[in-house]
Amino acid sequence: MSAASNIRRNGRRPGMNDTMSKDPLLEVNHLKKLFPVKSGLLSREKKFIRAVDDVSFKLMPKETLGVVGESGCGKSTMGRSVLRLIQPTEGEILYKGKDFMKASGAELRKMRSDMQIIFQDPYASLNPRMTVGEVIAEPLNIQKTYSSKEETREHVLEAMKVVGINPKYYNRYPHEFSGGQRQRIGIARSIVLHPSLIVCDEPVSALDVSIQSQVLNLLRDLQESMGMAYIFISHNLSVIRHISDRVMVMYLGHVVEMADKDELFKDPLHPYTQALMSAIPLPERHSKRKKIILQGDLPSPVNQPSGCIFHTRCFMAQDICSKEKPELRDMGNGHMCACHFCGKMEKGICGEKLQG
Ligand code: SF4
């Protein structure tokens, strides 16, 4: 098989019917990641940052799940925990039906080669002492994919072509490239083993706006030609809307809403999602929409609010909200929402119907 056919597998962007007819690629159940907090010498109470708290979802082959929320809501920790780059505290991760949490040794290495990550900062994520060719070849060398240097080099050159980096730059160093080109190098490294899953952790947020859409389009093109699934993490709802099939909204380590992309943008149910959407800049003709300003800062993930974790900032909060935790419920068509009043309130509770 040629290097070209290794890089470009036949694939196409799935419709929901495609994805619904197959087994999930990834199934995450009750995932938790707690970080212990140093307490005073005299304190007996152990405290934890609850970075990811009881997160469950499924990801279908070739699907893009967008994960959105404010900084500090646990979305990056969740993405890294799913790949076990950070060891989860609790939970189940099934990858292609296999228990990824129990995998070790050669099996773990094999499963990991099929699950890659693209980091936010293309400046920090590339080793400055390695040439571009060496950076992209590293996963192939770790996995011992090819027995000869020539085969590895041929494959790396093809990966460079696929992501739009001129192969004549094989021996150049990362600092000789612009931010957008460095992110393309990072993308080449992540696809070189033709994985089935890539966690994209804020891959465009460090880039100029003019470059962002080029990188997003590259990721979509690669998904179409290679058939990968993405967990796409971003704090930017416009970016999430551009690239996702489904969207998961996180707040303080919890999933508060999850739905098909079109459904979520048409009819956001959770007050937090509504507030996030009201902040998306709209053209002048839509400017009647009211912006919802959330009061206060994100609460400490060490001392999370009782009841609904959003009640300290929610413009809809009632007495019950500080006492009882709302379950994440399916409101129909797989539209999940964790609010006591989901489905019980009028659309556009902020006074204006929210528009996409
Ligand atoms: Fe707001 Fe109450 Fe719903 Fe929580 S349960 S989102 S506090 S209305």
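None of these values were measured; they are calculated from a predicted model.

Basis of the calculations
- Residues numbered from 1 in each chain as written.
- Predicted model: local features only at pLDDT ≥ 70, side-chain atom pairs only at ≥ 80, totals over all residues.
- Heavy atoms only, no water.
- Helix = DSSP H or I, 4+ residues; strand = E, 2+ residues; numbered from the N terminus.
- Buried < 20%, exposed > 50% of the residue type's maximum accessible area, 1.4 Å probe, protein only.
- Contact = heavy atoms within 4.5 Å.
- Areas by Shrake-Rupley, 256 points an atom, 1.4 Å probe, with all protein chains shown as cover.
- Axes fitted to C-alpha atoms, helices over the stretch in contact; angles between N-to-C directions.
- Parallel < 35°, antiparallel > 145°, perpendicular 65-115°, else oblique.
- Left-handed = near helix turned anticlockwise from the far one by under 90°.
- Pairing = 2+ DSSP bridges.
- Disulfide = S-S within 2.5 Å.
- pLDDT = per-residue confidence, 0-100.
- Core = buried A, V, L, I, M, F, W, Y, C linked by side-chain atoms within 4.5 Å.
- Domains from an automatic or database assignment.

K.L.:
Describe the overall build of the chain, naming the residues involved and giving the relevant values.
P.N.:
Secondary structure assignment for the chain yields 11 helices and 12 strands. Of all 356 residues assigned to the chain, the portion counted as buried reaches 51%. For the chain, the proportion of contacts with a sequence separation of at least 24, taken over those separated by at least 6, is 66%. Approximately 17500 Å² of the chain is accessible, and the part contributed by carbon and sulfur atoms is 48%.

K.L.:
Tell me what's going on with the packing of helix 5 (residues 132-142) against helix 7 (residues 179-191), and back it up with residues and numbers.
P.N.:
Their axes nearest at 7 Å, the elements helix 5 and helix 7 cross at an angle of 30°. In terms of orientation, helix 5 and helix 7 fall into the roughly parallel class. Relative to helix 7, helix 5 is oriented so that their crossing is right-handed. Counted together, Val-132, Val-135, Ile-136 and Pro-139 of helix 5 and Ile-185, Ala-188 and Arg-189 of helix 7 form the full contact between these two elements.

K.L.:
Please give an account of the sheet that holds strand 7 (residues 197-201) that cites residues and values.
P.N.:
Strand order in this open sheet of eight strands is 6-7-8-3-9-10-12-11, and the pairing throughout is mixed. What marks the edges here is a single partner per strand, and that holds for strand 6 (115-118) and strand 11 (329-330). As paired elements, strand 3 (residues 64-68) and strand 9 (residues 246-251) share four bridges and run parallel to each other. Each bridged residue has a counterpart across the sheet, and for Val-67 the counterpart in strand 9 is Met-248. Together, strand 3, strand 6, strand 7, strand 8 (229-234) and strand 9 form the strand contacts of helix 3 (residues 75-82), whose direction differs from that of strand 8 by roughly 155°.

K.L.:
Can you explain the state of the cysteines? Please cite residues and give values.
P.N.:
Every disulfide links exactly two cysteines, by a covalent bond between their sulfur atoms. Inspection of every chain in the model, using the stated rule, returns one disulfide. For Cys-337, the disulfide goes to Cys-342, at an S-S distance of 2.0 Å. You'll find Cys-337 and Cys-342 in the same group, each marked buried.

K.L.:
Talk me through the side chain of Thr-77; I want residue IDs and the actual numbers.
P.N.:
Along the chain, Thr-77 falls in helix 3. Residues contacting Thr-77, with those up to four places away along its chain left out, are Lys-33, Phe-35, Ala-51, Val-52 and Ile-86.

K.L.:
Talk me through the confidence of the model for the chain; I want residue IDs and the actual numbers.
P.N.:
The predicted model of the chain averages 88 in pLDDT, with 87% of residues at 70 or higher. For residues 9-21, every residue scores under 50 in pLDDT, and the model assigns this stretch 28 contacts once sequence neighbours within four places are set aside. Scored below 50 in pLDDT, residues 347-356 makes 24 contacts in the model with residues more than four places away or belonging to other chains.

K.L.:
I'd like a rundown of the sheet that holds strand 4 (residues 90-95), residues and numbers included.
P.N.:
Reading across from one edge, 2-1-4-5 is the order of the four strands in this open sheet, with antiparallel pairing throughout. In the strand order of this sheet, the two ends are held by strand 2 (47-59) and strand 5 (98-99), each with one partner. Here strand 1 (residues 26-37) runs beside strand 2; their pairing, made up of 10 bridges, is antiparallel. Paired with Val-37 across the two strands is Lys-47, which belongs to strand 2. The sheet strands contacting helix 3 are strand 1, strand 2 and strand 4, and the helix crosses strand 1 at an angle near 115°.

K.L.:
Outline the nonpolar core, listing residues and values.
P.N.:
Ile-136, Ile-187, Ile-191 and Leu-222 are the most contacted members of the largest nonpolar core, which has 60 residues in total. Top element by residues in this core is helix 8 (residues 209-226). It accounts for six residues. A domain-level breakdown of this core finds at least three residues from each of domain 1 (3-9 + 22-37 + 46-244) and domain 2 (269-355). With residues near it in sequence (within four places) discarded, Ile-187 still touches Ile-118, Val-163, Val-215, Leu-218, Leu-219 and Leu-222. Formed by 33 residues, the second largest nonpolar core is a distinct cluster that contains Val-67, Phe-100, Met-111 and Met-115.

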